[in-house]
Amino acid sequence: MSTQTRTVLARSRTIERQVAGMPTSDGAGVRLTRVLTQPLQRRLDPFLMLDAFRSDRPEDYIAGFPPHPHRGFETITYMIAGRMRHRDSTGGEGLLESGAVQWMTAARGIIHSEMPEQEDGLMEGFQLWLNLPARTKMQPAAYRDIPRSEIPELSLEDGVRVRVIAGASHGLGGAVERPDTEPLLLDIHLPAGAAFLQPIPPTHNAIVYVYRGEVSIAGETVPDARMAILANDANADGVALTARSDARVLLVAGRPLDEAIAQYGPFVMNTQAELEQAMADYRDGTLAD
Ligand code: MN
């Protein structure tokens with residue numbers, strides 16, 4: 001759709017630092033890049049993790065993620081290319097295809113698997129972990145598949161297209177809204193030379209991840225496969241991106257929870273005692289009851 005809403009900014013945020021991420025493997029041996037790692041959790045509160053995966057070598061992804069637990073947060077999986085089958089302990093099941101999002105609220109507990117449903121070709125996408133406030137960490141688990149057709153899309157001037165997965169952009173509300181952390185998750189496609197503006201409250205933490213081409217933010221270039229952490233500046237009311245070549249980027253922002261973060265693998269709680277309880281519940285088979 002097109003929009004008449006005009007967005008202007010007084011001043012764009014600058015880049016605080018750029019992060020290339022750590023090559024790692026997870027699940028049964030899926031190769032990925034952990035872009036938002038544990039040492040950045042406080043800085044990027046309420047976001048706990050961002051993994052990027054992009055490979056056309058089946059041996060990098062074919063083993064998938066066999067059943068494993070989560071407690072205390074939400075996982076957002078966004079597929080750029082490929083097909084993954086999801087099954088979980090709430091009875092949820094879905095096929096996640098190119099352009100689709102899966103928004104899983106692990107909350108008090110879920111056990112799920114994510115397995116490739118392809119034997120060759122490109123598998124590309126992201127998984128973002130979004131924290132829950134202490135008072136909702138032990139609510140029932142929930143799971144939602146959002147097919148490509150249900151993600152609102154903006155067409156702006158200069159051929160810029162924006163898929164609004166969460167939050168709102170240029171007057172268009174996204175597929176998901178969350179009151180506690182107000183997450184913004186945009187997939188922005190920019191032709192070379194085009195610009196895009198997005199208001200962001202100065203107190204919200206924000207990152208840009210480039211996954212095609214390169215963009216410029218406040219005069220600094222961000223290349224492919226790189227995350228830029230945007231500085232929190234009380235005088236900056238958003239971010240301005242300019243594409244230096246045809247580019248695609250994720251823009252992620254959210255309101256910090258400012259609560260203690262305790263993580264052990266797939267469990268993210270507020271205290272060590274709550275982590276021990278999560279491990280005991282998993283051992284006893286009651287985590288996902
Ligand atoms: Mn998982």
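Rules used throughout
- Residue positions are counted from 1 within each chain, in the order its sequence is given.
- The model is predicted, so local features are restricted to residues of pLDDT at least 70 and side-chain atom pairs to those at 80 or more, both for listing and for counting; the totals for chains, interfaces and linings are taken over all residues.
- As a rule here, side-chain values come from all non-hydrogen atoms in the structure, and water together with hydrogens is ignored.
- A pair of strands is treated as paired once DSSP finds two or more bridges between them.
- Secondary structure elements follow DSSP: runs of H or I of four or more residues count as helices, runs of E of two or more count as strands, with numbering from the N terminus.
- For helices, the axis comes from a line fit to the C-alpha atoms of the stretch in contact; other axes are also lines fit to C-alpha atoms, and the angle between any two N-to-C directions lies between 0 and 180 degrees.
- Salt bridges are identified by distance alone: a Lys or Arg side-chain nitrogen within 4 Å of an Asp or Glu carboxyl oxygen.
- Here the term buried applies to any residue with accessible area under 20% of the maximum for its type, exposed to any over 50%, and partly exposed to those in between, with areas from a 1.4 Å probe on protein chains only.
- What is meant by a nonpolar core is a set of buried Ala, Val, Leu, Ile, Met, Phe, Trp, Tyr and Cys residues, joined one to another through side-chain atoms within 4.5 Å.
- Contacts are residue-level and defined by heavy atoms, with any inter-residue pair within 4.5 Å sufficient.

**Q** Could you give an account of the sheet that holds strand β22 (residues 226-230), with specific residues and numbers?
**A** The sheet built from 7 strands is open, its strands ordered β1-β22-β19-β24-β17-β14-β13 with antiparallel pairing. Each edge of the sheet is formed by a strand with only one pairing partner; in this case those strands are β1 (15-19) and β13 (153-155). Each strand of the sheet is rotated relative to its neighbour by a mean of 20°, with strand direction disregarded.

**Q** Run through the pattern of salt bridges, naming residues and quoting values.
**A** Per the stated rule, a full pass over the model turns up 22 salt bridges. Where glutamate 153 meets arginine 163, a salt bridge forms, and the shortest distance between an N and an O atom there is 3.8 Å. Of the two residues, glutamate 153 is situated in strand β13 and arginine 163 in strand β14 (residues 161-166); the sequence distance between them amounts to 10 residues. On the basis of relative accessibility, which here comes to 4%, the residue arginine 163 falls in the buried class. When salt bridges that share partners are traced, they join Arg31, Arg57, Glu59 and Asp60 into one network.

**Q** Before we move on, can you summarise the nonpolar core with the specific residues and values?
**A** Counting 30 residues, the largest nonpolar core has Leu50, Phe126, Tyr209 and Met227 as its most contacted members. Sequence-distant contacts of phenylalanine 126, that is, excluding residues within four places in its chain, are made with Leu50, Asp51, Ala52, Phe53, Ile76, Thr77, Tyr78, Ile80, Tyr209, Tyr211 and Leu250. Counting 29 residues, the second-largest nonpolar core is a separate cluster that includes Ile15, Leu156, Ala228 and Val239.

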